[in-house]
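# Breakdown of the fold
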Amino acid sequence: MKLKQSSVAQISSDTTVQYSYADAIKQLQDSGHISLLDMQKLSYADADYLFEEIKRWFIYGRGINFIHDPKKLNTAPRRSI
C-alpha cells in the first residue's frame, strides 16, 4: 500500500540559523511585525531583551496622537548590570 503525500506544508524548526536581537529589531522597523518562527530562533537572552524593549517602546514610544513609530525601537539591547 502506497501512502499519499500530504499537501500540508511542513514547517521545519531549524534553530541553526543565527537570528539575533538586532535582526528582530530591524525586521520590526522595516515591516512592523515579526513571526513566531523567527522569535523561536532567538536565544533566551535576546528574546528577553526584545520583549523588554517592546514593552518600553509601547509605554514611552508614543508620539503625537499616540502613534508608535517602530523606528524608535532601540537597535542595541539594554543589558542590565
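Before reading on, note that the structure itself is shown above.
This write-up is about the structure you can find in this document. (Residues numbered from 1 in each chain as written. Predicted model: local features only at pLDDT ≥ 70, side-chain atom pairs only at ≥ 80, totals over all residues. Heavy atoms only, no water.)

### Description of the pattern of salt bridges
Counted according to the given criterion, the structure contains 4 salt bridges. The partner of Asp-30 in a salt bridge is Lys-26, and the shortest N-O contact between them spans 3.1 Å. Taken together, the residues Asp-30 and Lys-26, both in helix H1 (residues 21-31) and 4 residues apart, mark about one turn of the helix. For the pair shown, Asp-30 and Lys-26 are each scored as exposed. Lys-41 serves as the salt-bridge partner of Asp-38, at 3.7 Å between the closest nitrogen and oxygen. (Salt bridge = Lys/Arg side-chain N within 4 Å of Asp/Glu carboxyl O. Helix = DSSP H or I, 4+ residues; strand = E, 2+ residues; numbered from the N terminus. Buried < 20%, exposed > 50% of the residue type's maximum accessible area, 1.4 Å probe, protein only.)

### Here we look at a nonpolar patch on the surface
A surface patch of nonpolar side chains, amounting to about 390 Å² of accessible area, comprises Phe-58, Ile-59 and Tyr-60. With respect to the helices and strands, the residue Ile-59 is situated in helix H3 (residues 44-60). (Patch = residues over 30% accessible without salt bridge, like charges linked within 9 Å, V, L, I, M, F, W, Y side chains within 5 Å. Areas by Shrake-Rupley, 256 points an atom, 1.4 Å probe, with all protein chains shown as cover.)

### As for the nonpolar core
In terms of nonpolar packing, the biggest core is built from 13 residues, with Ala-24, Ile-34, Leu-42 and Leu-50 touching the most fellow members. The set of elements that each furnish at least two residues to this core consists of H1 and H3. Residue contacts for Ala-24: discarding those within four places in its chain leaves Tyr-19, Ile-34, Leu-42 and Leu-50. (Core = buried A, V, L, I, M, F, W, Y, C linked by side-chain atoms within 4.5 Å. Contact = heavy atoms within 4.5 Å.)

### A closer look at H3
Taking 1.5 Å as the rise per residue, H3 with 17 residues should run 24 Å; its terminal C-alpha atoms sit 24 Å apart, in good agreement. Looking only at H3, the buried set comprises Asp-46, Ala-47, Tyr-49, Leu-50, Glu-53 and Trp-57. The buried residues of H3 occupy an angular sector of 160 degrees when the element is viewed end-on, so they sit on one face. Projecting away from the buried face of H3 at angles above 90 degrees are the exposed residues Tyr-44 and Ile-59. (Expected span 1.5 Å × (residues − 1). Arc of directions from axis to C-beta.)

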